[in-house]
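# Architecture and fold: a report
Take a look at the letters that make up each chain.
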Amino acid sequence: MQERNIIKTTCPRDCYDACGIAVVRRDGVIAKVLGDPDHPISRGGLCGKCAIAYNGAWRDPTMRLQQPLRRVGPKGTGSFAPIAWDDALAEIAARLGGLVDGGQASRILHTHYTGTVGQIAGGFPSRFFNRLGATEVDPDTVCNKAGHLALELVFGSSVDGFDPRSIVEARTLVIWGANPSHSAPHQHRYWLREAQARGIKIIVVDPIGHETARLADLHLKPRPGTDATLAFAWLNVLWTQGLVDRDFLASHVFGAEELVPAIERTTPAIAARVCGVDESQIEAAALAYGAGPSLLWLGQGLQRQPDGGNIFRAISALVAFTGNLAKPGAGFLYLNGAGNRGIDGTTITAPELARGTVGSVSHMDLATVLADPAQARVFINWNNNPAASSPQQGLLRAALQRDDLFHVAIDLFHTDTTAYADIVLPAASFLEFDDLVLSYFDLTLSAQVKAAEPPGQALPNQEIFRRMARAMGFKEPLLYENDTALIARLLGQTGYPGSFSDLAVVGTVTLFPTARVQFADLRFATPSGKIELASTRAETIGIPRIPQPHADTPVAEGMLRILSPASPWLMNSSYGNDRGISEKLGAATLTLHPDDAALHGISEGDAIVIGNTGGELPLLATISDIAQPGMGIVYKSRWTGPASNNINLLVSNLKSDMAESTAVHATEVTLRRA
Ligand SMILES: Nc1nc2c(c(=O)[nH]1)N[C@H]1C(S)=C(S)[C@@H](COP(=O)(O)OP(=O)(O)OC[C@H]3O[C@@H](n4cnc5c(=O)[nH]c(N)nc54)[C@H](O)[C@@H]3O)O[C@H]1N2
Ligand SMILES: Nc1nc2c(c(=O)[nH]1)N[C@H]1C(S)=C(S)[C@@H](COP(=O)(O)OP(=O)(O)OC[C@H]3O[C@@H](n4cnc5c(=O)[nH]c(N)nc54)[C@H](O)[C@@H]3O)O[C@H]1N2
Ligand code: SF4
Ligand SMILES: [Mo]
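Residues numbered from 1 in each chain as written. Chains lettered and ligands numbered in written order. Predicted model: local features only at pLDDT ≥ 70, side-chain atom pairs only at ≥ 80, totals over all residues. Heavy atoms only, no water.

## Overview of the overall build of the protein
So the rule is basically this: Secondary structure counts use DSSP, requiring at least four H or I residues in a row for a helix and at least two E residues in a row for a strand, with both numbered from the N terminus. Note on method: radius of gyration uses C-alpha positions; expected globular size equals 2.2 Å times residues raised to 0.38. With a 1.4 Å probe rolled over the protein chains alone, any residue whose accessible area is under 20% of its type maximum counts as buried; one over 50% counts as exposed, and the rest are partly exposed. Here a residue-residue contact requires only that any non-hydrogen atoms of the pair lie within 4.5 Å. Shrake-Rupley sampling with a 1.4 Å probe provides the accessible areas, and residues are treated as covered by the protein chains on show and by no other component.
Within the protein, the secondary structure is distributed over 24 helices and 27 strands. Taking 674 residues into account, the globule formula puts the C-alpha radius of gyration at 26 Å, and the protein, at 25 Å, falls close to it. Taken along the three principal axes of its C-alpha coordinates, the protein extends 70 × 60 × 60 Å. The proportion of buried residues among the 674 residues of the protein is 61%. In the protein, of all internal contacts separated by at least 6 residues, the share reaching a separation of at least 24 is 77%. As displayed, the protein offers around 23,800 Å² of accessible surface, 52% of which is attributable to carbon and sulfur atoms.

Structure representation (structure tokens):
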């Protein structure tokens, strides 16, 4: 008789949903990875990509890295031979030790991101790098840092969003520059649809007519990079009609009056021209949002613009002028950090291990810094795939070819980046060790539970870095803390009354019995203690004191501005190596508007080439009015293989206005038939 049991665990991808998983085991071996029917958000479902990949590449021992590897051919060709763990670690320690002893640890560069968002597998390795004094390539600069800084300036925090459960008390939900139909599929399917069925008005502001935009009651489709003008026009409607919350402004907002001249100037008629949105839509959206109570979801795609930080500050002014905060059914959400469930991130990363200041560079500068031997002698990447995901792909690949750059890559699979490494170390997947997962949307706490042994000699990230610390001869006990102890400490911080085993039985718990009211105490961690629409702190870091009604200029005739948001079938570049996913993906495409297709004489399925100073990228054309004239869509981070490239070949090192963050959605290209 076969013995069958089910283990509950949690998907730790960089995704709003944090789905519950039911792993079905037969005789101690994983038979199938399914959705957990008891999970409150995903209700038994996994997204299409995970349903395929967790039963495909992720459990295929022939695809997984199973032992440490050492390069035997030229960089970039992916030719490796097996090497023992001890030998790999000794070689790495010798290289690192030489630099550390010579006072040159800052020439050790490491990149990491959210390959897993598990608290320990995602955070613990930073202890090692803090101790080392290595330079960190600031992870958020490739994703969402401008938005974080903007919201910190205005509200004092970017990671204390609304409680999604508060939607039952809201009358309007605005989704501004996020695409849940791809990036939060279960929120799209259940949270949004059920809210709409109860009569909540859904307003989407997005240049792309994606599935969530099509479901919305009102879809405003602005030209990319014009959202600050649009936000000021909403303010204009509310201001001129006397619909602003004057009491809220007087008590809780600093500097609102400084915005009034720009608000009065930015009429809906002007915004309609600048943004390409109907005046009537601007008015309807502003009135619905202003009437409240309203929730506002600020997408990460929205701030990946040259003016991304300013856009966030301008939209934040809508929250302040309408008082849509600190009451049931009102608030905004960018991300919900683990901090609002009690977790102190420094418990995991232990910054106190650093012996001096730890350097940091932007992902926008990665290619240049990596090309420079004076700045980079060793490169270690873990939890990410920069050769596929980071900008300036051509320059980055050239830098990764440097023979005098010692490169260690840690991953589950061979990737675009591991192909260049001197040493590749095999990581265990989330199915193979315990961890904690905290959704960045819902205020939940979840267990990631071991359901299988890692393949071959693969190890969890944290264990790899414990062993690296040992090879370096480091003495600090924090570098060796075990997972059980750390998980217990973190659970203690959350206030969860049980143990990890208790949590593992249920998978996911909600930490607060009822919906939390966002900023209920109306105290903000800003210099004035109020919501700061005018900010002296901004001025001191070289940013305008108040948000501006700015809009990017339209692209020149015949050019296209490319947006490269989340694909439904990939998680960034993850899953691109899965055969089932490849079939779903088909060829890489550019989606363009029928007007542009006509202008360039392009038909559906034509081979085309887009290009700029970064190079040329061949794609197939798809024609659809989900795009708009002058704007094309190429989904991000296609798997590339050593010979070819993806859209990041054409993405420059342009930074947004804040925090040296990405401006990827401002990429401009020429277009021709192949
Ligand atoms: N053009 C364009 N480019 C973009 C974006 C865009 O919008 N447009 N978006 C950007 C954004 S938002 C982000 S966040 C970045 C993301 O870019 P990356 O951080 O590079 O994300 P992935 O490509 O998914 O790479 C994650 C890697 O981690 C590995 N991995 C998974 N689990 C583990 C583990 O437990 N241990 C280890 N060691 N490895 C593991 C996976 O196999 C995978 O290779 O891409 C950015 N790039
Ligand atoms: N399936 C899938 N899910 C994912 C990911 C994935 O790769 N695949 N990536 C994960 C990661 S790392 C992240 S950061 C999140 C991101 O998920 P989201 O927050 O949803 O962000 P994006 O998908 O990058 O872009 C969302 C929308 O921003 C819009 N946008 C771009 N420029 C502008 C603008 O100027 N104005 C307005 N109003 N909108 C604009 C785009 O048209 C797009 O529809 O998704 C996560 N989830
Ligand atoms: S990637 Fe997101 S939607 Fe897919 S299973 Fe994981 S958490 Fe759920
Ligand atoms: Mo991201």
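## A look at the side chain of asparagine 648
For asparagine 648, the position within the fold is in the loop between strand 26 (631-633) and strand 27 (667-673). For asparagine 648, a relative accessible area of 6% gives the class buried. What asparagine 648 contacts, discounting residues up to four positions off in sequence, is Ala388, Ser389, Ser390, Pro391, Gln392, Gln393, Ser637 and Val664.

## Concerning the packing of helix 2 (residues 85-101) against helix 19 (residues 461-472)
Heads up, the rule is: For every element, the axis is a line fit to its C-alpha atoms; helices are fit only across the contacting stretch, and the angle between N-to-C directions ranges from 0 to 180 degrees. Our angle categories are set so that under 35 degrees counts as roughly parallel, over 145 as roughly antiparallel, 65 to 115 as roughly perpendicular, and the remainder as oblique. Left-handed describes a crossing in which the near helix is turned anticlockwise from the far one by less than a right angle; the clockwise case is right-handed. Under the scheme applied, nonpolar residues are Ala, Val, Leu, Ile, Met, Phe, Trp, Tyr, Cys and Pro; charged residues are Asp, Glu, Lys and Arg; polar residues are all the others, including Gly.
Contact geometry for helix 2 and helix 19: axes closest at 9 Å, N-to-C directions at 60°. The angle between helix 2 and helix 19 places the two elements in the oblique class. Read as a crossing pair, helix 2 and helix 19 show a hand that is right-handed. Facing Trp85, Leu89, Ile92, Ala93, Leu96, Gly97 and Val100 of helix 2, the residues of helix 19 in contact are Ile464, Arg467, Met468, Ala471 and Met472. For the contact of helix 2 with helix 19, a count of residues per class yields ten nonpolar, one polar and one charged.

## A few points about the site of ligand 2
We count it as follows: We call a residue near a molecule or strand whenever a single non-hydrogen atom of that residue lies within 4 Å of it. Polar contacts here mean pairs of N or O atoms no more than 3.5 Å apart (in protein, one a potential hydrogen donor and the other a potential acceptor; neighbouring residues in sequence count only if both atoms are side-chain atoms).
As a matter of local geometry, ligand 2 sits amid 34 residues, with Tyr16, Asp206, Asp227, Leu570 and Asn572 nearest to it. Contacts to ligand 2 include histidine 182, whose backbone N or O atom sits 3.0 Å from a nitrogen atom. Within the side chain of glutamine 305, a nitrogen or oxygen atom sits 2.9 Å from a nitrogen atom of ligand 2. Notes on ligand 2: free accessible area 910 Å², of which the protein chains cover 99%. Tallied by class, residues from the shell around ligand 2 come to 15 nonpolar, 13 polar and six charged.

## Considerations on the nonpolar core
For clarity, the cut-off: Put simply, buried Ala, Val, Leu, Ile, Met, Phe, Trp, Tyr and Cys residues joined by side-chain atoms within 4.5 Å make one nonpolar core.
Ranked by size, the top nonpolar core spans 88 residues in total, and within it Phe155, Trp176, Trp234, Phe321, Ile531 and Leu533 carry the most contacts. Of all the elements, helix 9 (residues 227-240) adds the most residues to this core, at ten residues. Those residues in contact with phenylalanine 155 that sit more than four places away from it in its chain are Ser316, Val319, Leu325, Phe332, Phe519, Phe524, Ala525, Thr526 and Ile531. Within the second largest apolar cluster, 81 residues are counted, among which are Ala53, Leu99, Ile348 and Val509.

## Considering the pairing of strand 3 (residues 29-35)
Put simply, the rule reads: By this definition, two strands are paired if DSSP reports at least two bridges between them.
Across six bridges, strand 2 (residues 20-26) lies against strand 3 in antiparallel orientation. Note that in strand 3 the partner of valine 23 across the bridge is valine 33. The hairpin formed by strand 2 and strand 3 contains two residues between the paired strands, and aspartate 27 there has a positive phi angle of roughly 50°.

## Here we look at unusual backbone geometry
Of the consecutive residues glycine 292 and proline 293, the connecting peptide bond is found in the cis state with omega at -10°. Secondary-structure assignment places proline 293 in the loop between helix 13 (279-291) and strand 12 (294-298). Here the phi dihedral of arginine 43 falls at roughly 50°; this positive angle occurs in a residue that is not glycine. In this fold, arginine 43 is placed in the loop between strand 3 and helix 1 (48-53). Among the residues examined, arginine 43 registers a relative accessible area of 38% and is labelled partly exposed. We note that glutamine 392 has phi near 50°; this positive angle belongs to a residue other than glycine. Along the chain, the position of glutamine 392 falls in the loop between helix 17 (386-389) and helix 18 (393-400). Classification of glutamine 392 as buried rests on a relative accessible area of 14%.

## Overview of the domain arrangement of the protein
In plain terms, the rule: Source of the domain bounds: an automatic or database domain assignment. By buried area we mean how much accessible surface two parts lose on assembly, using a 1.4 Å probe and totalling the loss over both. Salt bridge, as applied in this entry: a Lys or Arg side-chain nitrogen positioned within 4 Å of an Asp or Glu carboxyl oxygen.
Here the protein is described as being made up of domain 1 (4-59), domain 2 (69-142 + 353-498), domain 3 (162-333 + 517-540) and domain 4 (560-673). Taking only C-alpha atoms into account, the centre of domain 1 sits 35 Å from that of domain 3. At the interface, eleven residues of domain 1 touch ten residues of domain 3. Carbon and sulfur atoms make up 48% of the area that domain 1 and domain 3 hide from each other, which totals about 930 Å². Looking at the side of domain 1 facing domain 3, the largest losses of area belong to Tyr16, Asp17 and Arg43, adding up to 64% of the total buried there. Where glutamate 194 meets arginine 43, a salt bridge forms, and the shortest distance between an N and an O atom there is 2.6 Å. Our enumeration of links across domain 1 and domain 3 arrives at three residue pairs in polar contact (both at pLDDT 80 or more). Per-class residue counts for the side of domain 1 that touches domain 3 are six nonpolar, two polar and three charged.

## With respect to the packing of aromatic side chains
What counts here: Stacked, edge-to-face and tilted are the three classes for Phe, Tyr and Trp ring pairs, Trp counted by its six-membered ring, which pair at centre distances within 6.5 Å; planes under 30 degrees apart are stacked, over 60 edge-to-face, the rest tilted. In this analysis the charged atom, NZ for Lys or CZ for Arg, is taken to sit over a ring once it is within 6 Å of the ring centre and within 35 degrees of the ring normal.
Considering all chains together, one arrives at 29 aromatic pairs under this definition. On the basis of an interplanar angle of 40° and a centroid distance of 4.9 Å, the ring pair of phenylalanine 519 and phenylalanine 524 is categorised as tilted. When sorted by exposure, phenylalanine 519 lands in the same class as phenylalanine 524, which is buried. Members of the aromatic cluster, connected to one another through ring pairs, are Tyr16, Phe162, Trp191, Trp297, Tyr440 and Phe441. Over the ring of phenylalanine 474 we find arginine 131; its NZ or CZ atom is 4.0 Å from the centre of that ring. Above the ring of phenylalanine 124, the side-chain terminus of arginine 466 is found at 5.0 Å from the ring centroid.

## Side note on the pairing of strand 2
In terms of burial, strand 2 is largely enclosed, as six of its seven residues are buried. Pairing of strand 1 (residues 4-10) with strand 2 involves seven bridges; the strand directions are antiparallel. Residue pairing across strands places threonine 10 opposite glycine 20, the latter belonging to strand 2.

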